[in-house]
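Chain and residue survey
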Number of protein chains: 2
Amino acid sequence: MSSTDLAATWAGARAIDLWVVLGDPVELVAAVEDGAAVQLVSEPTSFAIFAAMRDADVDDVRRVGIASLHPSGLEAGKRAGVQAVVAVADDPSAIPALLAAEPDAVVKQSEFDSLYALRYGSRRPFRPQVLLNPGPALTSARVKRAAAGIDLCHREPEFTLLERQVISKLRRVAGVGDHWSVVLMSGSGTGAAEAALRAAVRPGRRALVVDNGVYGSRLLAIAQRSGIEAVVCASGWTEPADPERVHELLASDPEIDVVAMVHHETTTGLLNPVEEVAALARAADVRTVVDGISSFGAEELTLEDSGIDFLVCSSNKCLQGLPGAAFVLVSPTGLERTGQVPASSVYLDLAGYLRGTASGSPPFTPAIPALTALDAALDELLTRGSAEHRRRYAERAAVLDDVLEALGLEPIVAAEHRSRTVRAIPLPAGIEYVQLHDALKRDGYVIYAGQGQLSEEIFRVCCMGALEPDTLRTFGERLAAAFDRQPATA
Amino acid sequence: MSSTDLAATWAGARAIDLWVVLGDPVELVAAVEDGAAVQLVSEPTSFAIFAAMRDADVDDVRRVGIASLHPSGLEAGKRAGVQAVVAVADDPSAIPALLAAEPDAVVKQSEFDSLYALRYGSRRPFRPQVLLNPGPALTSARVKRAAAGIDLCHREPEFTLLERQVISKLRRVAGVGDHWSVVLMSGSGTGAAEAALRAAVRPGRRALVVDNGVYGSRLLAIAQRSGIEAVVCASGWTEPADPERVHELLASDPEIDVVAMVHHETTTGLLNPVEEVAALARAADVRTVVDGISSFGAEELTLEDSGIDFLVCSSNKCLQGLPGAAFVLVSPTGLERTGQVPASSVYLDLAGYLRGTASGSPPFTPAIPALTALDAALDELLTRGSAEHRRRYAERAAVLDDVLEALGLEPIVAAEHRSRTVRAIPLPAGIEYVQLHDALKRDGYVIYAGQGQLSEEIFRVCCMGALEPDTLRTFGERLAAAFDRQPATA
C-alpha cells in the first residue's frame, strides 16, 4: 500500500473486515459493533476460510481474522494466511494445546472485546500512520516480512552469508570498494557513534568536535564521558560548520587526532560540509568521524579518498530498514587507527567487531531480524539504484518545500543548506505544538517536536522512509486545515 | 509447527510447494527441477490463486509462492497471503511500478534460478533448523509475526504503551513489584551488562567479580575497560562460585562497592549461587549485579529482598523473543545507586535510560520490532504461566540428560549444579567437533562448540526456545547415529 493510501484509508480504519469463527461459536461483540463482518464456519480448513471470504466479498487475507476454540481452527487460519489468529479459551486446561498452535493471542471469551480494542479496532492505538518524524521511518511490507524470517544461529555459515550480503550491499550504497571495512552492530546509531569515537582517538590526544545541533553536542558528550579531551568548534544551529575555523583549530593544536562531526543535523535539517572538513583533516593527517545516521542513502557524499575514516549510520532512516541495527564504514586509514587505540569498552569496542567480522564470528549475538530487514531494504534500494534513491529523496524534499512555501512557512535553515529529509519550521503565532501534532495525528500523520532550545519554537516535518511525494501534498492540505487557513496559493 | 515436525519435515525440504505464475508466462526452471508444482493463472486475484491451490492440492498459503511480470499479479499474491512474492522484470522501465507493489524480490528472468537456490530451494542456506545453540533460540510463528508489525514513532503514546506493557510483563515474569525499575535497551545482553556495571560502582570504589567462565571473564573485562578497579574471585569452570570466599573478600576489602556475577555460565551450563552471594553482599551493604542473560525465565530466582540490585537479561534466550533487545531489572537500592555514579558512556548510561523511561521519552531510537516480538513472547509465557514455563524448561533438561546418559555421555558439570538449558559434553575419543556438527546439521540440528579453553574438548547442546521434549529425543537418535553407535540402553 502506498503511503498516500495509508493516510487516506488506514488511519482510523479497523484492521480486520471479516472475522471467521471456526468450529464452535465465539461472541465477537466488539468486532460486530465496529462494523466487521462475522461468518461461522464449521470445517477447519483454509478452503473453508476462502469460501467465507468469497461470501463476504473480502478478497484480501490481510483483512481477515479467525477466532476459534480449537487448535484445528487456529491451524486452518495459519494455512489461510489470515492477519489475525485468535484463540478463545475459558477452560485453562485447553490452553497448552492452543498455545502449541501459535495463535496471535489466547483470551477468555470475556476478554475478546478488550483485545479487539487494543489490536484490531478502528480506534486501536497501534494503527498504521504516516510517519513524518526523523526515523523510525515507514518501511515497505517486504522489509517487515523479512524481519519475520527463520531463526538463525549467528555462529553458522548462513549468518556469515547474511552478514557478507549486507556488508557488500552497504559498500555499494556507499560507493566504496572492498578495502573499506564495515562493522555491523546491534543497537541505535548513537551506540555506533560512541564505538567509532572511542576507537579513533589515541591516548593523550584530542578530538575536535564540530557542534551545531543536538547531535553535535551528543558527539561532544560521547567524547567527554569516554575520557577523550575535546576541543569544540561550535556555531549557531542554523549555520553550517565553517571549514576555515576547523582549519585554524587544526593548525593551532597538533594534539588533535580526530575531527568528529555530524553530516546532517536532524535537529534543524542542516547539512554540514563534511567533505570539505574531511579534506582539511586529511591534509593535517587527522582522522575524521562523521555521524551520517540521518543522511546515509539520501544525501550526496563521496567517501573514497575523501578523508572520512569512520562513517556512522543506522538501519532505520534513509535506508528504510527497521530500527535495531547500526553500522560503521571504516576506511583503510581508519582501520589502521583502530589498532592504535586501547579498548575502553567491551560492547562498544569497534576493533573487537572488526576482528569478529574478519573471523566470521561476531563478538555478541547480533540483532538478526534487523539485519534480514536491512538486507531486504538494501535490495529494494539497489534494485532501484542508489542514484535514483537519492534523486527520489531530493524530489520529495522539493515537494515538501513547495508545500510549506504555499502555506507561507519558511524553514529555519536557508534553502542552500537544507537536507533532503528534515524541515524545522517556526510554529506560527498562536499555534501550540501539542495541538498541531494532535490535529494532524487524527488525520493519520505523525509530525515531530523541536529539540533542546527549539522545543517550544518549532515543529519538524521529515520525509524519510517509504513515502510518496503525493503523501506530502495531501499532508500539506491537512496541515493547512490544522492551521485553520487555506494555502497561500489557493 | 512443532520443533519435532520442524526437524522431520522442514530441514532440507523446499520452502514452496506451489508456484503460481500470474499473467504472462515466467520460466521457473529451478523450482520445477526441485519438484515444486507450477500453475499459470491469467486472472490476478486472490481467489484465482486459491483455485490454483485447490487444483494442486496445496492447502497452505505458507507453501505457495507467486511470480509475475505485473504489479497486479504481485498485489494478488499479497492479498492471498502467499509466502513468496517474486517480480520478474527484464525491462528496467518496469521496475519502479513493480517495486511499488513491494514484492520480496525483483529479478530478471535469467536470475530467477539463483534467487530460487538462495531463498526457496531444498538446499537453500536459510532453511529452518532446530537450534540447539544457546540463543538465538527457536521462536514461535507468533513472535516472528509480531516483529513485522506497524511502523511506530518512539516519541508517540503508542510506543509508551508498548514499553509499559513490556515492562509490566517483565516484572510479572521476574516476580517483582512496581518499585523495581526496568530499563529497556537496544542491543545484545552484553551491552546491558556493561551499562549495569558502569552504573553500579561509585568512583574510587571496587567491583568484586566472580569469574568461573567466559561470561564471568567478560564482566571482568567490562570492569577493566570501564576503568573500574576489580577484585577477582576466580574458580574452576565446573565449580559454582563459593559464597564463603565472596564473604571473606567482602570482609577484607571495605572498598568493594559491588559484586558482579553470572547466574548461569553458558560456557559450561553451570549455575552460580547468586541468591546466597547477594544476601551476603546485602548484609555488607554492597550492591549486586547479576548477569541473568541465559537464565531469566528458565531458572528459579527470587529477586524481591534478595540483595540482587541489577539483573541483566536479553530478549532472545529463555524468554523466546527475537534478538535485538536487552533489559536490566533494577531494585530500589540499585536505582538509588545509579544516582551516585557519574555517567562514563552516552549509549551505555543506565541512569539516562531510567530518566527516559520515567519521562516517556527513550534516549535513543529503540529496536521497536524486537520489543513487539518480546511483548508477544511474554504474552505466550504468561498465558502459560511463569511457573509452568520454568517447569517445562526443567522437564526438557531432564529429557536431555536422559538422552545423553543413554549414550554414555556425562556433562562436565555435576548434576546438582546444572542449568535447565545448557550441557557441555566432552567429545568422545576420535570424534571431532566439526564433523559432529556437520553430521547433525545435515539432519536439521544445530549444536554449539565449546568456548575458550574448552573449544577443542567439548560440544554443547542447549534447550532454550520453542522446543518440544520429543525433539530432544529425536535429536538423541541422530546424535547416536552421528557417533555411529547405538544408545547404550538399546
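For the structure given in this document, a descriptive report is provided here. (Residues numbered from 1 in each chain as written. Chains lettered and ligands numbered in written order. Predicted model: local features only at pLDDT ≥ 70, side-chain atom pairs only at ≥ 80, totals over all residues. Heavy atoms only, no water.)

1. A short note on the packing of aromatic side chains
Note the following rule: Two rings belonging to Phe, Tyr or Trp (six-membered ring only in the last case) form a pair when the distance between their centres is within 6.5 Å. Interplanar angles under 30 degrees mark stacking, angles over 60 mark edge-to-face geometry, and anything in between is tilted. Helix and strand assignments follow DSSP, with helices taken as H or I runs no shorter than four residues and strands as E runs no shorter than two, numbered in order from the N terminus. Buried residues are those whose accessible area, probed at 1.4 Å on protein chains only, stays under 20% of the maximum for their type, while exposed residues exceed 50% and partly exposed ones sit between those limits.
Overall, the coordinates contain 25 aromatic pairs over all chains when judged by the stated rule. Ring plane angle 35 degrees and centroid distance 6.0 Å describe the contact between A:F112 and A:Y116, whose orientation is recorded as tilted. Taken together, the positions of A:F112 and A:Y116, both in helix α6 (residues 112-119) and 4 residues apart, correspond to about one turn of that helix. Overall, A:F112 belongs to the buried group, its relative accessible area being 0%. On the accessibility criterion, A:Y116 (3% relative accessible area) is buried. Between B:F459 and B:F483, the aromatic rings sit 6.4 Å apart at their centres with planes inclined by 75 degrees, giving edge-to-face as the arrangement. Of the two residues, B:F459 is situated in strand β19 (residues 458-462) and B:F483 in the segment after α18 (469-482); the sequence distance between them amounts to 24 residues.

2. Description of the sheet that holds strand β9 (residues 229-234) of chain A
Each strand in a sheet pairs with another by means of backbone hydrogen bonds, the pair being arranged parallel or else antiparallel. Residue and element names in this part refer to chain A. Here is the rule: Here a strand pair is declared whenever DSSP counts at least two bridges between the two strands. Every angle, taken between N-to-C directions, lies between 0 and 180 degrees, and every axis is a line fitted to C-alpha atoms, over only the stretch in contact when it is a helix. Should any heavy atoms of two residues lie within 4.5 Å, those residues are considered in contact.
One open sheet holds the 7 strands; their spatial order is β7-β15-β14-β13-β10-β8-β9, and the pairing between them is mixed. Strands with a single pairing partner mark the edges of an open sheet, and in this sheet they are β7 (181-186) and β9. With strand direction ignored, the average angle separating the axes of adjacent strands in the sheet is 20 degrees. Looking at chain direction, β7 and strand β15 (residues 325-330) are connected through 6 bridges and run antiparallel. Bridge pairing links L184 to F327 in β15. Where helix α8 (residues 157-174) meets the sheet, it contacts β7 and β15, and its direction lies at approximately 120 degrees from that of β7. Contacting β7, β14 (310-314) and β15, helix α14 (residues 350-359) runs over the sheet at an angle of about 110 degrees to β7.

3. Observations regarding the sheet that holds β19(B)
All names here are of chain B. Spatial ordering of the open sheet is given by β16-β19-β18, a layout of 3 strands whose pairing is antiparallel. Every other strand in the sheet has two partners, leaving β16 (422-426) and β18 (448-449) as the edge strands with one partner each. In the sheet, β16 pairs with β19 via 5 bridges, with the strands oriented antiparallel. Paired with I425 across the two strands is F459, which belongs to β19. Set on the sheet, helix α16 (residues 386-406) makes contact with β16 and β19; between it and β16 the angle comes to about 10 degrees.

4. Some words on the nonpolar core
Condition: Only buried residues count toward a nonpolar core, which is a set of Ala, Val, Leu, Ile, Met, Phe, Trp, Tyr and Cys residues joined through side-chain atoms within 4.5 Å.
A:L197, A:V289, A:V328, B:L197, B:V289 and B:V328 are the most contacted members of the largest nonpolar core, which has 80 residues in total. Among all residues touching B:V328, those that are not within four sequence positions of it are B:S181, B:V182, B:V183, B:A192, B:A196, B:F310, B:L311, B:V312 and B:L350. Counting 52 residues, the second largest nonpolar core, distinct from the first, contains A:A52, A:L74, B:A48 and B:A52.

5. With respect to the relation of the copies chain A and chain B
Definition in use: Here the copies are matched by least squares. The fit uses the C-alpha atoms of residues with pLDDT of at least 70 in both.
Between the two copies, chain A and chain B, the superposition gives an RMSD of 0.0 Å; the rotation angle is 180 degrees and the shift along the axis is 0.0 Å. Both copies of the chain, as the preceding transformation shows, are related through a two-fold rotation axis. No C-alpha of chain A approaches the rotation axis more nearly than that of A:G187, which lies at 2.2 Å. When you check the interface residues of chain A against chain B, 100% turn up at the interface there too, and the contact is symmetric in its surfaces.

In short, geometric facts, not functional conclusions.
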